[in-house]
Each structure stands twice: as structure tokens, then as C-alpha cells.
Amino acid sequence: MTDEEFSRIVKYTAVRYGINLYHKKVMVEGRLSNYLAANGFKSYTEYMDRVEADYTGQEAQNLINIITTNHTYFMREPEHFEFFKNVILPELKEREKTGMDLRIWSAAASSGQEPYTIAMILKDFLGPEYNAWETSVLATDISRKVLDSAVNGIYGAEQISTLPVWWRNSYFVPLPDGMYQVKKELRQQVVFRQFNLMNPLPFKKKMHVIFLRNVMIYFDETTKRKLVQRLYEFLEPGGYLIIGSTENIDRSAVPLVYVRPSIFRKE
């Protein structure tokens with residue numbers, strides 16, 4: 001991969017997806033080389049010509065599937081879920097008791113562990129009142145590949161071993177091949193959609209909670225600032241933004257109130 005070819009890929013992913021690959025040439029080349037060889041491309045220039053000429057968007061989707069890391073697991077950063085259950089939900093239940101509508105967005109859903117965890121917490125928290133509330137969780141990701149996996153909700157025994165026994169018994173069913181699938185009634189509570197965070201937010205109503213964890217590490221500061229500004233506009237007053245524990249935001253750009261590390265509130 002020449003420097004010119006790498007620069008072309010960097011510019012393309014930055015403009016289209018907000019992803020900053022500037023210092024990741026080895027990673028990009030390592031992930032793309034096998035794909036190019038398997039599909040008969042003679043150079044990265046030829047490949048990017050195809051990506052940019054393919055108006056179906058399929059090659060662009062293949063590119064983003066290959067270069068993005070979708071590493072996640074159940075109960076990742078559990079302190080966020082504890083705060084969601086013990087602080088945020090009691091607040092929302094009281095504040096929204098008239099409309100009985102909770103709008104939660106998992107904005108980097110990956111293979112589904114985060115939004116399904118949110119759905120399980122909601123079901124446990126509301127208990128007998130659950131069916132009276134509108135509690136669908138919106139789950140989005142830029143990668144079609146991981147979303148297809150998330151919709152199926154199938155995980156190995158080791159993947160769900162970190163979950164409480166109650167959840168494993170109540171929300172999963174064993175499959176003949178030793179895998180486990182999220183029960184249909186819970187899968188139906190999560191709405192999966194492909195979405196590029198660089199695009200205008202399509203919501204008709206504002207969100208009460210936005211989980212955007214471990215995504216902004218791929219963005220430069222300008223992209224992060226613009227994204228947080230847009231997220232702020234689509235948060236309900238009193239709503240929460242939860243980011244990854246290793247991430248930070250520029251609060252001079254938006255008047256979000258610091259609640260605790262990686263958790264912010266809109267006044």
C-alpha cells in the first residue's frame with residue numbers, strides 16, 4: 001500500500017464515516033490485504049476505484065465492515081448499567097409516568113450485547129408494569145454485518161456466562177448446537193437499524209438516554225465535538241449521555257453536566 005493509496009482511504013473514511021485512520025496504516029493494510037487478494041483486486045487504487053464507483057454502496061459497506069472493530073461483550077463497563085438501573089431509571093419512571101414512554105438509544109450496538117442488556121434491565125426494573133410502558137430500545141451501528149448477527153441474538157455459552165443466572169434462565173433459550181438465543185419476546189423489544197453517526201439524526205422525538213460507548217475513540221476532536229453537539233440537541237431535558245470509560249468530551253462545546261466519569265446529563 002503506497003502512502004498515496006493510504007491517504008485516499010483515510011480521507012474517504014474520514015469524510016464519509018468520521019473515522020480517523022491516520023495513524024493506522026499497518027492495521028488498514030493488514031485487514032484489507034486478504035480481501036483484495038480474495039476478490040481479484042490488483043492494487044488498493046483499483047479497489048478504491050470500485051468502492052467509489054459502486055453506487056449500490058455494497059463495496060463501501062464491505063470496507064467499513066473490514067476496518068472497524070466490533071469488539072464487545074455482555075456487561076462491558078458494568079458500572080454504567082448499575083447507574084442506569086439504580087439512578088436513571090427511577091428518575092425517568094417518575095418523570096415520565098404520564099406518557100409512560102422511555103426512549104433509549106444504543107448508538108453503537110455492535111453484535112447486540114449492549115441493547116439486549118438494556119432491554120433486560122428495563123424488563124426487570126419495571127416488572128409487572130412493563131407491558132404498560134413503551135420501552136423499545138433503538139440499536140444502531142454502521143456495520144450491516146454485526147447488525148445481522150445482533151438481530152439473531154445468538155451467543156455462545158461462554159459469552160453469556162458473565163450474566164446473572166436469572167437472566168440466562170429467563171431471557172435465553174438453549175439451541176441444539178450448544179449456543180443460546182435471546183428469547184423472541186425480548187428480541188422484539190430491540191429495534192435494530194443501520195445508521196452512520198455522521199448523517200443527520202432522524203428522530204421525531206428526543207431521547208431520554210443515549211449510550212455511545214467506545215466509538216468516539218475513532219474520531220478526531222472536531223468530529224467528536226460536532227457529534228456531541230447533535231446528540232445534545234436530541235436529548236430530552238434531564239436526559240443522559242453515557243460514553244466509554246476511556247473517552248472524554250469537550251464540555252465547552254455543549255452545556256452537559258458532569259455526573260460521574262463517562263456519564264453526563266442535560267439540564
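Residues numbered from 1 in each chain as written. Predicted model: local features only at pLDDT ≥ 70, side-chain atom pairs only at ≥ 80, totals over all residues. Heavy atoms only, no water.

K.L.:
What should I look at first to understand the overall build of the chain in this one?
P.N.:
If you tally the helices and strands in the chain, you get ten helices and ten strands. What you see for the chain is a C-alpha radius of gyration of 20 Å, in line with the 18 Å of a compact globule of 267 residues. The principal-axis extent of the C-alpha atoms belonging to the chain is close to 60 × 55 × 30 Å. Restricting the contact set of the chain to residue pairs at least 6 apart, pairs at least 24 apart contribute 72%. Accessible surface computed for the chain: about 13200 Å², of which carbon and sulfur atoms make up 52%. Here the chain holds 34 positive side-chain charges and 32 negative ones, and the gap between their average locations is 3 Å. (Helix = DSSP H or I, 4+ residues; strand = E, 2+ residues; numbered from the N terminus. Rg over C-alpha atoms; globule rule 2.2 N^0.38 Å. Contact = heavy atoms within 4.5 Å. Areas by Shrake-Rupley, 256 points an atom, 1.4 Å probe, with all protein chains shown as cover. Lys, Arg positive; Asp, Glu negative; His and termini not counted. Charge placed at Lys NZ, Arg CZ, Asp CG, Glu CD.)

K.L.:
Mind showing me how you'd approach the sheet that holds strand S4 (residues 172–174) here?
P.N.:
Backbone hydrogen bonds are what pair the strands of a sheet, in a parallel or an antiparallel way. Spatially, the three strands line up as an open sheet ordered S3-S5-S4, and their pairing is antiparallel. The sheet is open, and its two borders are formed by strand S3 (154–155) and S4, each paired with just one other strand. When S4 meets strand S5 (residues 180–182), the two strands line up antiparallel, connected through three bridges. Residue Pro 174 lies in a different strand from S5, and its bridge partner there is Tyr 180. (Pairing = 2+ DSSP bridges.)

K.L.:
When you look at the pattern of salt bridges in this model, what are you seeing that I'm missing?
P.N.:
One side chain can pair with another of opposite charge once the charged atoms of both are near each other. Within this structure, the stated rule accounts for 17 salt bridges. The partner of Asp 3 in a salt bridge is Lys 25, and the shortest N-O contact between them spans 2.8 Å. Of the two residues, Asp 3 sits in helix H1 (residues 3–17) while Lys 25 sits in helix H2 (residues 25–38), which places them 22 residues apart along the sequence. Given the relative accessible area of 56%, Asp 3 is considered exposed. When its relative accessible area of 24% is taken as the criterion, Lys 25 is described as partly exposed. Measuring nitrogen to oxygen at the nearest pair gives 3.9 Å for the salt bridge that ties Arg 265 to Glu 91. Linking Arg 265 in strand S10 (residues 263–266) with Glu 91 in helix H5 (residues 78–95), this pair joins segments that are 174 residues apart in sequence. (Salt bridge = Lys/Arg side-chain N within 4 Å of Asp/Glu carboxyl O. Buried < 20%, exposed > 50% of the residue type's maximum accessible area, 1.4 Å probe, protein only.)

K.L.:
Please clarify how H5 should be interpreted in this entry.
P.N.:
The end-to-end C-alpha separation of H5 is 25 Å, in line with the 26 Å expected for 18 residues at 1.5 Å each. Of all the bends in H5, the greatest, near 40°, is centred on Ile 88, and the proline Pro 90 appears no more than four residues after it. When H5 is considered as a whole, its buried residues turn out to be His 80, Phe 81, Phe 83, Phe 84, Ile 88, Leu 89 and Leu 92. Looking at the packing, one finds that the buried side of H5 touches strand S1 (104–106), helix H6 (113–126), strand S7 (207–212), strand S8 (235–243), strand S9 (256–260) and S10. (Expected span 1.5 Å × (residues − 1). Bend = angle between axes of the 7 residues up to and from the residue.)

K.L.:
Please clarify how the side chain of Ser 111 should be interpreted in this entry.
P.N.:
Here Ser 111 shows up in the loop between S1 and H6. Residue class for Ser 111 comes out buried when judged on its relative accessible area of 14%. Within polar-contact distance, the side chain of Ser 111 engages the side chain of Gln 113 at 2.8 Å. (Polar contact = N/O pair within 3.5 Å; in protein donor to acceptor, adjacent residues only side chain to side chain.)

K.L.:
Looking at this model, I keep getting lost on the sheet that holds S1. Mind explaining?
P.N.:
Pairing within the open sheet is mixed, and its seven strands lie in the order S6-S2-S1-S7-S8-S10-S9. The two strands at the open ends of the sheet, each matched to only one other strand, are strand S6 (190–194) and S9. The mean angle between the axes of side-by-side strands here comes to 20°, regardless of whether they run parallel or antiparallel. Alignment of S1 against S7, held across three bridges, turns out to be parallel. Directly across from Trp 105, in S7, lies its bridge partner Ile 210. Sheet strands touched by helix H7 (residues 144–152): strand S2 (137–141) and S6. Its angle to S6, the strand with the most contacts, is close to 165°. (Axes fitted to C-alpha atoms, helices over the stretch in contact; angles between N-to-C directions.)

K.L.:
Help me understand the environment of Tyr 240 in this model?
P.N.:
Relative to the elements of secondary structure, Tyr 240 occurs in strand S8. Look at Tyr 240 and you get buried, because its relative accessible area is 3%. A C-alpha to C-alpha distance of 8.6 Å links Tyr 240 and Met 207, two positions 33 residues apart in sequence. Apart from the residues lying within four places of it in its own chain, the contact partners of Tyr 240 are Phe 83, Val 87, Ile 88, Glu 91, His 208, Val 209, Ile 210, Leu 235, Val 259, Ile 263, Phe 264 and Arg 265. At a separation of 2.9 Å, a polar atom in the side chain of Tyr 240 contacts the side chain of Glu 91.

These values are about where atoms sit, not about what they do.
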